[in-house]
Amino acid sequence: MDDGLVEMVVESVRVHMLSSRHVVILKEVARDRYLPIWIGPWEASAIAMKLQGLTPERPLTHDLFATTLEELGARIDRVIISELADETFHARVLLQSDGKTVEVDARPSDALALAVRTGVRIFAAEAVLEQAALGGDAGIADDEEGGAGSTLEATGENIVDPRLDVFRDFVNSLDVDAEGESRSS
């Protein structure tokens, strides 16, 4: 695998209740490190529908694109959240066609919607995670003093950009236990 890439999974798609903004939360496969990415409502719906096993009556744009690629003999190999520049995430969709690898620039929301539809692996560049990831090996497990529900930002040592505070505040406001399940009050 490419150096500097970390495998991720889509942990959830959430709506911030105060702002009504949507966020997709990626979780690192190997540890409790999370990457929140704000996305539009249509893309959030497309990702959430597939994660919930719902099939629309007619194909959505991402379904159409995945089917078109398949009919043309191309397949998506993987998607990569490749860069964070000027507060904007960038992604690449890697396609295999006629023995060649083709990289296509994409919005992360579209790349992730395609990934969940086609079952391909999702990666994030380590540099992106160093800039914007929350949590770490200490993660959201029980802390010594407060018990369950410690914040996702337990390690946060590489997070220095104050513009990312909104992500940390949002993720830390989620009522999630160490296994990622929502808790009732």
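As shown above, the structure is provided for reference.
Residues numbered from 1 in each chain as written. Predicted model: local features only at pLDDT ≥ 70, side-chain atom pairs only at ≥ 80, totals over all residues. Heavy atoms only, no water.

Draft legend 1. Main features of the overall build of the protein. When helices and strands are tallied, the protein shows five helices and eight strands. Mapped in sequence order, the helices and strands of the protein form the string β-β-β-α-α-β-β-β-α-β-α-β-α. Of all 185 residues assigned to the protein, the portion counted as buried reaches 42%. Put simply, 51% of the contacts in the protein that link residues at least 6 apart link residues at least 24 apart. Roughly 10,500 Å² of accessible area belongs to the protein as shown, and the carbon and sulfur atoms make up 47% of that amount. (Helix = DSSP H or I, 4+ residues; strand = E, 2+ residues; numbered from the N terminus. Buried < 20%, exposed > 50% of the residue type's maximum accessible area, 1.4 Å probe, protein only. Contact = heavy atoms within 4.5 Å. Areas by Shrake-Rupley, 256 points an atom, 1.4 Å probe, with all protein chains shown as cover.)

Draft legend 2. Representation of the packing of aromatic side chains within the structure. Applying the stated criterion across every chain yields a total of zero aromatic pairs. Above the plane of the ring of tryptophan 38 lies arginine 21, whose end atom (NZ or CZ) is 4.3 Å from the centre. (Phe/Tyr/Trp six-rings, centres within 6.5 Å; stacked < 30°, edge-to-face > 60°. Lys NZ or Arg CZ within 6 Å of the ring centre and 35° of its normal.)

Draft legend 3. Quick look at the side chain of arginine 14. Here arginine 14 shows up in strand β1 (residues 5-15). By relative accessible area, which is 15% here, arginine 14 ends up buried. A polar contact is formed between the side chain of arginine 14 and the side chain of serine 12, at a distance of 2.9 Å. (Polar contact = N/O pair within 3.5 Å; in protein donor to acceptor, adjacent residues only side chain to side chain.)

Draft legend 4. Spatial organisation of the pairing of strand β3 (residues 33-39). Summarising burial for β3: seven of the seven residues are buried, a large majority. The sheet contact formed by strand β2 (residues 22-28) and β3 spans six bridges and is antiparallel. Within β3, the residue paired with lysine 27 across the bridge is tyrosine 34. Counting the residues between successive antiparallel strands, the hairpin from β2 to β3 contains four residues. Strand direction decides the pairing type here: β3 and strand β8 (residues 134-135), joined by two bridges, are antiparallel. In the strand pairing of β8, arginine 33 is matched with glycine 135. (Pairing = 2+ DSSP bridges.)

Draft legend 5. Here's a closer look at the pairing of strand β6 (residues 100-106). Note that strand β5 (residues 88-97) and β6 share seven bridges and pair antiparallel. The partner of arginine 92 across the bridge, within β6, is aspartate 105. Hairpin connection between β5 and β6: a loop of two residues separates the two successive antiparallel strands, and aspartate 98 in this loop has a positive phi of roughly 50°.

Draft legend 6. Up close: the packing of helix α1 (residues 41-51) against helix α3 (residues 108-118). Contact geometry of α1 with α3 gives a least axis separation of 9 Å together with a crossing angle of 15°. The angle between α1 and α3 places the two elements in the roughly parallel class. The hand of the α1/α3 crossing is left-handed. Contacts from Glu43, Ala46, Ile47, Lys50 and Leu51 of α1 reach α3 at Ser109, Asp110, Leu112, Ala113, Val116 and Arg117. Its residues placed into classes, the contact of α1 with α3 shows six nonpolar, one polar and four charged. (Axes fitted to C-alpha atoms, helices over the stretch in contact; angles between N-to-C directions. Parallel < 35°, antiparallel > 145°, perpendicular 65-115°, else oblique. Left-handed = near helix turned anticlockwise from the far one by under 90°. Nonpolar A, V, L, I, M, F, W, Y, C, P; charged D, E, K, R; others polar.)

Draft legend 7. Examining the packing of helix α2 (residues 61-71) against α3 more closely. Two numbers describe how α2 lies on α3: the axes approach to 9 Å, and their chain directions differ by 65°. Where α2 crosses over α3, the handedness of that crossing is right-handed. In this structure, α2 uses His62, Asp63, Phe65 and Ala66 to contact α3, whose residues at the interface are Asp110, Ala113, Leu114, Arg117 and Thr118. In terms of residue class, the contact of α2 with α3 is built from four nonpolar, two polar and three charged.

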